[in-house]
Amino acid sequence: MTKNQRLVYIALLASQAVIISLLERAIPFPFAIAPGAKLGLANIITLMALYTLSTRDAGKVVTIRIILSTLLGGTIASFMYSASGAILSFLGMWAVKKLGPSRISLIGVSTTGAILHNVGQLVVASWIAQTWTVLLYLPVLSFVGILSGIAIGIIANYLLIHVEKLNYYKDLRDLD
């Protein structure tokens, strides 16, 4: 893959993630038991990036998504929550993915990312509120995170298997 093709692919993934993030922001909260919980649909793109690009390039996709999503409809607080959750989630997914496909599936990687995203957000919330009692909400968010992580993992797995162009990029990444 040439440098220009790689840059275009990164830009396409980032733009898709931004659009999905903005659309998800417009959806009312789907979880009555967990106010503030979201499905995390933009993580589909993060998983696509993790499995088809280098770690550095996948990190670029996540960074671009966070910055553009904030600029297009967020606040400083939403940036802090989003960035902390996304960074911790990305690092956790990257580390778990390194275990290899024989030990953990894409669905497990996705679920790890969902739970760590909640942890990152709650750590920032506890820092802002100046109390650790905010973390008492973690079990509820973890339950929702596990469910959404499984769903997002199934979707991402389906896309990686059935979208021909993604297989092309995945094969190129395996050659590196």
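Note that the coordinates shown come from a computational prediction; the quantities given were computed from them, not determined experimentally.

Along the protein, the regular secondary structure elements total 7 helices and 0 strands. When the helices and strands of the protein are read in sequence order from the N terminus, they spell out α-α-α-α-α-α-α. What you see for the protein is a C-alpha radius of gyration of 16 Å, in line with the 16 Å of a compact globule of 176 residues. Considering only C-alpha atoms, the protein reaches an extent of 50 × 35 × 25 Å along its principal axes. Across the 176 residues of the protein, 40% fall into the buried class. Contacts in the protein between residues at least 24 apart in sequence constitute 71% of all its contacts with a sequence separation of at least 6. Summed over its atoms, the accessible surface of the protein is roughly 9700 Å², and 70% of this surface lies on carbon and sulfur atoms. When the 13 positive and 6 negative side-chain charges of the protein are each reduced to one mean point, those points stand 8 Å apart.

Mapped onto the elements of the fold, Glu24 is located in helix α1 (residues 3-26). You can call Glu24 buried: its relative accessible area is 10%. Along the primary structure Glu24 and Ala42 are separated by 18 residues, whereas in three dimensions their C-alpha atoms are 8.3 Å apart. In contact with Glu24, other than residues within four places in its own chain, are Lys38, Leu39, Gly40, Leu41 and Ala42. A distance of 2.9 Å separates a polar side-chain atom of Glu24 from the backbone nitrogen of Leu39. At 3.3 Å, the side chain of Glu24 forms a polar contact with the backbone nitrogen of Leu41.

Now for helix α2 (residues 43-52). In terms of residue burial, α2 counts as a mostly covered element, since 10 of its 10 residues are buried. Looking at α2, one finds that the buried residues are Asn43, Ile44, Ile45, Thr46, Leu47, Met48, Ala49, Leu50, Tyr51 and Thr52.

In total, this model carries 0 aromatic pairs according to the counting rule given. Its guanidinium or amino end placed over the ring of Tyr51, Lys97 lies 5.0 Å from that ring's centre, counting from NZ or CZ.

In terms of nonpolar packing, the biggest core is built from 28 residues, with Leu13, Leu47, Tyr51, Leu53 and Val61 touching the most fellow members. For this core, the secondary structure elements donating two or more residues are α1, α2, α3 (55-71), α4 (76-97), α5 (106-129) and α6 (138-162). The residues contacting Leu13, other than those within four sequence positions of it, are Ile45, Met48, Ala49, Thr52, Leu53 and Val61.

Looking now at the side chain of Asp57. Relative to the elements of secondary structure, Asp57 occurs in helix α3. Setting aside chain neighbours within four positions, we find Asp57 in contact with Arg6 and Ile10.

Considering every residue of the protein, the mean pLDDT works out to 88; 91% of them sit at 70 or more. Mean pLDDT across the secondary structure elements of the protein bottoms out at helix α7 (residues 164-175), with 65, and peaks at α3, with 95.

Here we take up the pattern of salt bridges. This structure, assessed with the given rule, holds 2 salt bridges. A salt bridge links Arg6 to Asp57; the shortest N-O distance between them is 3.1 Å. Within this pair, whereas Arg6 is found in helix α1, its partner Asp57 is found in helix α3, the two being separated by 51 residues in sequence. The exposure class assigned to Arg6 is partly exposed, which follows from its relative accessible area of 23%.

Each value, and the rule that gives it
- Residues numbered from 1 in each chain as written.
- Predicted model: local features only at pLDDT ≥ 70, side-chain atom pairs only at ≥ 80, totals over all residues.
- Heavy atoms only, no water.
- Helix = DSSP H or I, 4+ residues; strand = E, 2+ residues; numbered from the N terminus.
- Rg over C-alpha atoms; globule rule 2.2 N^0.38 Å.
- Buried < 20%, exposed > 50% of the residue type's maximum accessible area, 1.4 Å probe, protein only.
- Contact = heavy atoms within 4.5 Å.
- Areas by Shrake-Rupley, 256 points an atom, 1.4 Å probe, with all protein chains shown as cover.
- Lys, Arg positive; Asp, Glu negative; His and termini not counted.
- Charge placed at Lys NZ, Arg CZ, Asp CG, Glu CD.
- Polar contact = N/O pair within 3.5 Å; in protein donor to acceptor, adjacent residues only side chain to side chain.
- Phe/Tyr/Trp six-rings, centres within 6.5 Å; stacked < 30°, edge-to-face > 60°.
- Lys NZ or Arg CZ within 6 Å of the ring centre and 35° of its normal.
- Core = buried A, V, L, I, M, F, W, Y, C linked by side-chain atoms within 4.5 Å.
- pLDDT = per-residue confidence, 0-100.
- Salt bridge = Lys/Arg side-chain N within 4 Å of Asp/Glu carboxyl O.

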